[in-house]
Amino acid sequence: MSNGDTVLTPKTTVKPKLERPRLYKVILVNDDYTPREFVVLVLKAVFGMSEETSHRVMLTAHKMGTSVVVVCARDIAETKAKEATDLAKEAGFPLLFQTEPEE
């Protein structure tokens, strides 16, 4: 029999360790056919960039071959890249936006 003492043992709870979602880069790939003004227009329309910022991103892609446009969650990055590429296709230009994981 017990002497009336109650022994309480704390319950251990395990909290799952949540990781932040992996971020993805939207990359503008330079080509020799799409006019610079159209690239700036797409960057402003799809990504909401200012005139100055979109011009700087376009020139970086023009000089270096590619340029990172934005870094965001995967679904947003893929949606924006597809929207921008589709907009260029509708206008008859081979402008390409790609996504890749950020390192």
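Here is a short report on the structure shown in this document. Quantities reported herein were computed from a predicted structural model and do not represent experimental measurements.

**Some points on the side chain of K25**
Here K25 lies in strand β1 (residues 23–29). Excluding its chain neighbours within four sequence positions, the residues that come into contact with K25 are V68, V70, V71, Q98, T99, E100, P101 and E102.

**As for the packing of helix α1 (residues 36–47) against helix α2 (residues 51–64)**
For the pair α1 and α2, the least separation of the axes is 9 Å and the interaxial angle reads 125°. Here α2 runs oblique to α1, going by the angle between their axes. Crossing geometry of α1 relative to α2 is assigned as right-handed. Contact residues: α1 offers R36, V39, V40, L43 and K44, while α2 offers E51, S54, H55, V57, M58, L59 and H62.

**Focus: the sheet that holds strand β3 (residues 96–101)**
Within a sheet, neighbouring strands are paired by backbone hydrogen bonds and run either parallel or antiparallel to one another. One open sheet accounts for three strands, arranged β2-β1-β3; its pairing is antiparallel. Two strands close off the open sheet at either side, each with one partner strand: β2 (66–73) and β3. Here the average twist between neighbouring strands, direction ignored, is 25°. Pairing of β1 with β2, which is carried by seven bridges, proceeds in the antiparallel orientation. Bridge assignment links V26 to a residue of β2, and that residue is V70. Strand contacts of α2: β1 and β2, with the helix running at about 130° to β2, the strand carrying the most contacts.

**A closer look at the environment of T60**
Along the chain, T60 turns up in helix α2. Judged by relative accessible area, T60 falls into the partly exposed class, the value being 34%. C-alpha of T60 to C-alpha of L28: the two residues are 32 residues apart in sequence and 9.4 Å apart in space. Beyond its immediate chain neighbours, meaning those up to four positions away, T60 contacts G65, T66 and S67.

Parameters and conventions
- Residues numbered from 1 in each chain as written.
- Predicted model: local features only at pLDDT ≥ 70, side-chain atom pairs only at ≥ 80, totals over all residues.
- Heavy atoms only, no water.
- Helix = DSSP H or I, 4+ residues; strand = E, 2+ residues; numbered from the N terminus.
- Contact = heavy atoms within 4.5 Å.
- Axes fitted to C-alpha atoms, helices over the stretch in contact; angles between N-to-C directions.
- Parallel < 35°, antiparallel > 145°, perpendicular 65-115°, else oblique.
- Left-handed = near helix turned anticlockwise from the far one by under 90°.
- Pairing = 2+ DSSP bridges.
- Buried < 20%, exposed > 50% of the residue type's maximum accessible area, 1.4 Å probe, protein only.

Take it as geometry only, folks, not as evidence of what the structure does.
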